[in-house]
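Listed below are the residues making up each chain.
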Amino acid sequence: MDKAMKEIMEKELQFLRENIDRTDEKIIRLIGERFKYTKQIGLCKAKYGLPIRNAKREEELFARMGKLSKEEGLDDKMIKKIWKMIVRNVCMIHKSLRA
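Treat the numbers as computed from the prediction; the structure is a model and nothing was measured. (Residues numbered from 1 in each chain as written. Predicted model: local features only at pLDDT ≥ 70, side-chain atom pairs only at ≥ 80, totals over all residues. Heavy atoms only, no water.)

K.L.:
So what's going on with helix α2 (residues 55-71)? Which residues, and what values?
P.N.:
In this model, α2 (17 residues) spans 24 Å end to end at C-alpha, consistent with the 24 Å of a helix rising 1.5 Å per residue. N-cap assignment for α2: the residue whose side-chain oxygen lies 3.2 Å from the backbone N of K56 is N54. Once α2 ends, the next one or two residues include G73, with phi positive near 75°. (Helix = DSSP H or I, 4+ residues; strand = E, 2+ residues; numbered from the N terminus. Expected span 1.5 Å × (residues − 1). Polar contact = N/O pair within 3.5 Å; in protein donor to acceptor, adjacent residues only side chain to side chain.)

And the structure:
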């Protein structure tokens, strides 16, 4: 690969990586926003003596995420693992709000 081609390649990769970095930042900010809402839900559940987990809601969430992941051409098993991890963390936060 000659020098000019290498420079073109590096610029293209840099552009793509900058887009990935911006996307990653958006993902983190959206996860932060989601956790703010889930904390409010945890406080509400604690206030009214509701259980931390809601199996029906979780099933609906996983089904919706599975559908969205397929629409986006993503591995639905990977997405389900990510959402299970998020739900686990939400439950831990909800438990800590009752302590």
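Still more ground to cover, so stick around.
K.L.:
Run through the nonpolar core, naming residues and quoting values.
P.N.:
Of all hydrophobic cores here, the largest spans 10 residues; its members are I52, L61, F62, M65, I79, W83, I86, V87, V90 and C91. Elements with a minimum of two residues in this core: α2 and α3 (76-98). With 6 residues, the top contributor of residues to this core is α3. Excluding its chain neighbours within four sequence positions, the residues that come into contact with M65 are I79 and W83. (Core = buried A, V, L, I, M, F, W, Y, C linked by side-chain atoms within 4.5 Å. Buried < 20%, exposed > 50% of the residue type's maximum accessible area, 1.4 Å probe, protein only. Contact = heavy atoms within 4.5 Å.)

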